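# Structure assessment
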Amino acid sequence: MFNKTVIILTLFFVLLCGSAFAKATYGSVTSSKLNIYAKASSKSEVVGLLGRGSSVEILSTRSGWHKIKLLEGGTGYVKASGVRTSKDKPKETEEKAKTGDTGKDIDRILDKFNSTVEKSNFAKKEKVYPKLKLISAKGSQEVVLRYSAVDENGDEIPSLKKNPLAKNMRELISLIFRKMIVTSAPEYKITVMVPSYGMGGKVAGEAVYADLVMKPSAQELLEIKEGTTSLWTVVRSTRKLGDVFAEYPR
């Protein structure tokens, strides 16, 4: 009897809300910058920021405010005047669904990099070259990579050489961060691990090489996405950024 009562009350509440709120639709932001508020009031806390062209899912509309679904979960409110509504699901959202998770995207990027380096004249000439491998990805917020030097057979080896591709690999990290920030989060972290070597140059374990962390504000995140601010301005690293990948693990 109790369960039936709960179901009836739930249905009644849904019907009641339906008279005051519109059905869920989609929208595209038309304002250059649109604040996301915790409540339907410009005096409430700003919890995010959207740029022109951003797609949103509108859960309901009331008194000039849209209640929207946030990418990281939960809901927020935006002024309805800054959004053009549509019943059709934005192509942008559909493309993101087809793309797959962040880990798969990063894996493809690294595979392409490693394959290009392995087949290059540089690798043949140097006999040793860098490799960057994805170990794990916790959603889009935390990624763990393994950095090593490998020989002609693809085996990890210690090396005292400088890494000529250090700058290219830092640009690769930048690209990975850009893949991560597609989904909003309070923090983005890339941990780079390296092999540790024992007697005879054999791999004996693994150690943390560097932690790179981004904690951008909503404004900084928008500017990074628009390309008006370098993401490196908000990256904090346990190793000097200019030294990351400068030398091979030894």
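Residues numbered from 1 in each chain as written. Predicted model: local features only at pLDDT ≥ 70, side-chain atom pairs only at ≥ 80, totals over all residues. Heavy atoms only, no water.

## Brief notes about the packing of aromatic side chains
Applying the stated criterion across every chain yields a total of four aromatic pairs. Seen in terms of ring centroids, Tyr 37 and Trp 65 are 5.5 Å apart; in terms of plane orientation they differ by 85 degrees. Their pairing is edge-to-face. Of the two residues, Tyr 37 is situated in strand E2 (residues 33-37) and Trp 65 in strand E5 (residues 65-69); the sequence distance between them amounts to 28 residues. On the basis of relative accessible area, Trp 65 is assigned to the buried category, the value being 12%. Ring centres of Tyr 209 and Phe 245 lie 6.2 Å apart, and the angle between their planes is 20 degrees; this geometry places the pair in the stacked category. Of this pair, Tyr 209 sits in strand E11 (residues 203-214) while Phe 245 sits in the segment after strand E12 (235-237), placing them 36 residues apart in sequence. Both residues of the pair, Tyr 209 and Phe 245, belong to the buried class. Taken together, the ring pairs connect Tyr 147, Tyr 209 and Phe 245 into an aromatic cluster. Over the aromatic face of Tyr 209 sits the side chain of Arg 239, whose NZ or CZ is 3.9 Å from the ring centroid. (Phe/Tyr/Trp six-rings, centres within 6.5 Å; stacked < 30°, edge-to-face > 60°. Helix = DSSP H or I, 4+ residues; strand = E, 2+ residues; numbered from the N terminus. Buried < 20%, exposed > 50% of the residue type's maximum accessible area, 1.4 Å probe, protein only. Lys NZ or Arg CZ within 6 Å of the ring centre and 35° of its normal.)

## Side note on the side chain of Arg 146
With respect to the secondary-structure elements, Arg 146 resides in strand E9 (residues 142-151). Reaching out from Arg 146, the side chain makes a polar contact with the side chain of Glu 206 at a distance of 2.6 Å. Those residues in contact with Arg 146, other than ones at most four positions away along the chain, are Lys 131, Leu 132, Lys 133, Ile 135, Glu 156, Met 193, Pro 195, Val 203, Gly 205 and Glu 206. (Polar contact = N/O pair within 3.5 Å; in protein donor to acceptor, adjacent residues only side chain to side chain. Contact = heavy atoms within 4.5 Å.)

## Thoughts on the sheet that holds E12
The mixed open sheet is built from five strands, whose spatial order is E8-E9-E10-E11-E12. For this open sheet the edge positions go to strand E8 (128-138) and E12, each flanked by a neighbour on one side alone. Across the sheet, the mean angle separating the axes of adjacent strands is 25 degrees when strand polarity is ignored. Pairing between strand E10 (residues 188-197) and E11: ten bridges, direction antiparallel. Residue pairing for E11: Val 192 is matched across the bridge by Ala 210. Most of the contacts of helix H5 (residues 166-180) go to E10, to which it runs at about 140 degrees, and overall it touches E8, E9, E10, E11 and E12. (Pairing = 2+ DSSP bridges. Axes fitted to C-alpha atoms, helices over the stretch in contact; angles between N-to-C directions.)

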